[in-house]
Amino acid sequence: MARLLFGLGVAAVIFMVYAVADCAFFDRTRIRGLSRGWWIVVILFVPVIGAVLWFLIGRGRVGRIPAGRSREVAPDDDTDFLRRLQNDAAQDERIRRLEQELAELDDDSGAAGKGGAGGAGATEAGDDTLGTESQRPDTPETPGESGPSGRPNG
């Protein structure tokens with residue numbers, strides 16, 4: 001008989017611990033009746049009955065819709081969605097302008113590095129005086145000298 005009572009006591013403690021953990025991590029918008037803190041107090045101070053009440057009354061169902069909210073809203077009626085689209089479009093426009101400015105800066109620095117368009121520093125083939133234009137680019141098919149890491153490119 002003592003073993004049975006001990007086993008029931010252990011089962012009750014495990015059930016209460018599970019109920020407290022479930023209450024603590026349960027979605028706040030689906031808790032019914034009392035607030036989360038009060039449910040934990042009820043579970044702890046009314047041993048088994050509090051846990052049973054939590055599972056029967058306190059836990060809201062998944063399909064339950066809070067009052068005043070509809071289940072689905074069309075994207076053109078959702079103001080948050082429309083605001084996000086507007087912000088995304090503005091951000092895309094800023095990125096496009098910055099990329100364009102960077103491309104213009106690259107073009108300007110490329111022309112200045114070659115001595116201008118047909119300046120005194122350019123040779124007949126369009127190479128600059130250092131001869132860097134005549135080298136092949138380093139690609140996996142054409143390995144070149146080692147880069148800044150010291151390892152060869154291929």
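This report concerns the structure included in the present document.

Thresholds applied
- Residues numbered from 1 in each chain as written.
- Predicted model: local features only at pLDDT ≥ 70, side-chain atom pairs only at ≥ 80, totals over all residues.
- Heavy atoms only, no water.
- Helix = DSSP H or I, 4+ residues; strand = E, 2+ residues; numbered from the N terminus.
- Contact = heavy atoms within 4.5 Å.
- Areas by Shrake-Rupley, 256 points an atom, 1.4 Å probe, with all protein chains shown as cover.
- Salt bridge = Lys/Arg side-chain N within 4 Å of Asp/Glu carboxyl O.
- Buried < 20%, exposed > 50% of the residue type's maximum accessible area, 1.4 Å probe, protein only.
- Axes fitted to C-alpha atoms, helices over the stretch in contact; angles between N-to-C directions.
- Nonpolar A, V, L, I, M, F, W, Y, C, P; charged D, E, K, R; others polar.
- Phe/Tyr/Trp six-rings, centres within 6.5 Å; stacked < 30°, edge-to-face > 60°.
- Parallel < 35°, antiparallel > 145°, perpendicular 65-115°, else oblique.

### Brief notes about the overall build of the chain
- Broken down by element type, the chain carries 4 helices and 0 strands.
- In sequence order, the chain lays out its α and β elements as α-α-α-α.
- Of the contacts made within the chain by residues no fewer than 6 positions apart, 42% connect residues no fewer than 24 positions apart.
- Within the structure as shown, the chain displays about 12,600 Å² of accessible surface, and the carbon and sulfur contribution to it stands at 59%.

### A word on the pattern of salt bridges
- For the structure shown, the criterion picks out 3 salt bridges.
- Linking aspartate 22 and arginine 59 is a salt bridge whose minimum nitrogen-to-oxygen distance equals 2.4 Å. Linking aspartate 22 in helix H1 (residues 2-25) with arginine 59 in the loop between helix H3 (47-58) and helix H4 (79-113), this pair joins segments that are 37 residues apart in sequence.
- With a relative accessible area of 15%, aspartate 22 lands in the buried category.
- In this structure arginine 59 comes out as partly exposed when scored by relative accessible area, which is 26%.
- Between arginine 96 and glutamate 93 there is a salt bridge, with the nearest N and O atoms lying 2.6 Å from each other. Residue arginine 96 and its partner glutamate 93 are located together in helix H4, separated by 3 residues, close to a single helical turn.
- Among the residues examined, glutamate 93 registers a relative accessible area of 32% and is labelled partly exposed.

### A word on the packing of helix H2 (residues 36-45) against H3
- Following both chains from N to C, one finds H2 and H3 inclined at 140°, their axes separated by 5 Å at the closest point. Of the residues in H3, those touching H2 at Trp39, Val42, Ile43, Leu44 and Phe45 are Pro47, Gly50, Ala51, Leu53, Trp54, Ile57 and Gly58.
- Class assignment for the residues of the contact of H2 with H3 results in 10 nonpolar, 2 polar and no charged.

### As for the packing of aromatic side chains
- Tallied over the full model, the rule gives 4 aromatic pairs.
- On the basis of an interplanar angle of 15° and a centroid distance of 5.8 Å, the ring pair of tyrosine 18 and phenylalanine 55 is categorised as stacked. Here tyrosine 18, found in helix H1, pairs with phenylalanine 55, found in helix H3; they are 37 residues apart in sequence, far enough to count as distant.
- Among the residues examined, tyrosine 18 registers a relative accessible area of 51% and is labelled exposed.
- On the basis of relative accessible area, phenylalanine 55 is assigned to the partly exposed category, the value being 25%.
- When the ring of phenylalanine 26 is compared with that of tryptophan 54, the centres are 5.6 Å apart and the planes differ by 90°; the resulting orientation is edge-to-face.

### Overview of the packing of H1 against H2
- Following both chains from N to C, one finds H1 and H2 inclined at 180°, their axes separated by 9 Å at the closest point. Taken together, the axes of H1 and H2 are roughly antiparallel relative to one another. Contact residues: H1 offers Met16, Ala19, Val20, Cys23, Ala24 and Phe25, while H2 offers Arg36, Trp39, Ile40, Ile43 and Leu44.
- A per-class count over the contact of H1 with H2 returns 10 nonpolar, no polar and 1 charged.

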